[in-house]
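# Geometric and topological summary
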Amino acid sequence: MLPAMESLMRIRLFLAACLLWAALLPAAAAPAPVLVLSVSGPIAPGSADFVVRGIQRAAKEGAQLVVLQLDTPGGLDSSMRVIIKEILASPVPVATFVAPGGARAASAGTYILYASHIAAMAPGTNLGAATPVQIGGLPSPTEPQKPKPKHDEQPAEGRAEQERAAEPAGGADAMSRKMVHDAAAYMRGLAQLRGRNADWGELAVREAVSLSAAEALEKRVIDVVAEDVPALLKRLDGRSLALHGEERVLDTAAAQVVTVEPDWRTRILALVTDPNVAY
């Protein structure tokens, strides 16, 4: 009788251990979460602060990926560079996703897209037109007017031709040329870092060209076209990428998605630092 009871007790303990193991297994095998940050509107100190704090939160919470859902007409160079520096230093990979349909990553948004570990777009979106401009439309410095020529000087047609030949490329002043050259070099450096189309990136700076999502994928400007965030995470599942010399494999198909909404601090900063409002 005693051996039978002992055997029954062992069976019960074994079943209890199996049930406990089965209950703990899903939690142990659950993939790390994905944080989604939504940025809509001009790139300014408010949006830069929101993105920086979001990426830092993702690192603290052990997220495997940050999805920066972006829709912007552009913005301030200083704020754009703050975001890019945070992306480049991030211990968590960042996927910039131009979405939803009808969104754009113009000007500063194109640089951010190029800097991200993964670049993605939704159908019906576009990027480009990344030529730097000065806020406020300040006029270029003008030279003092030259005295009118005498009758025996060079004819008007010849003078105009010589002036056009001496004029800087594109009619830009020295400051504008410096800004364009600097921005083109910055874009090319980001493209080379991420293995993207550097020639097109420089063209977007120098000639303000744009691309649709399908064209961007064809020209190796982006990595993925997806309809929405769930579709994007399915496309990225199993993808390996290099992060600070280490290889990471994404496990995003069944990952928990945590959407981070802008708080009051971000909203106030966005309002008072909006370039349009400031101007």
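Above this text sits the structure in question.
Here we summarise the structure given alongside this text. (Residues numbered from 1 in each chain as written. Predicted model: local features only at pLDDT ≥ 70, side-chain atom pairs only at ≥ 80, totals over all residues. Heavy atoms only, no water.)

Our focus in this paragraph is the side chain of Asn197. Along the chain, the position of Asn197 falls in the loop between helix 6 (174-194) and helix 7 (198-206). Given the relative accessible area of 15%, Asn197 is considered buried. A distance of 3.2 Å separates a polar side-chain atom of Asn197 from the backbone nitrogen of Asp199. Polar side-chain contacts of Asn197 include one of 2.8 Å to the backbone oxygen of Lys219. (Helix = DSSP H or I, 4+ residues; strand = E, 2+ residues; numbered from the N terminus. Buried < 20%, exposed > 50% of the residue type's maximum accessible area, 1.4 Å probe, protein only. Polar contact = N/O pair within 3.5 Å; in protein donor to acceptor, adjacent residues only side chain to side chain.)

For helix 9 (residues 229-236), the full list of buried residues reads Val229, Ala231, Leu232, Leu233 and Leu236. Its buried side turned inward, helix 9 meets strand 1 (34-40), strand 2 (65-71), strand 3 (94-98), strand 5 (118-121), strand 8 (224-225) and strand 11 (257-260). Positive backbone phi, approximately 85 degrees, marks Gly238, located one or two places after helix 9. (Contact = heavy atoms within 4.5 Å.)

Tracing the backbone through its elements, the reader meets Lys234 in helix 9. Residues Lys234 and Ala253 lie 19 residues apart in sequence; the distance between their C-alpha atoms is 4.7 Å.

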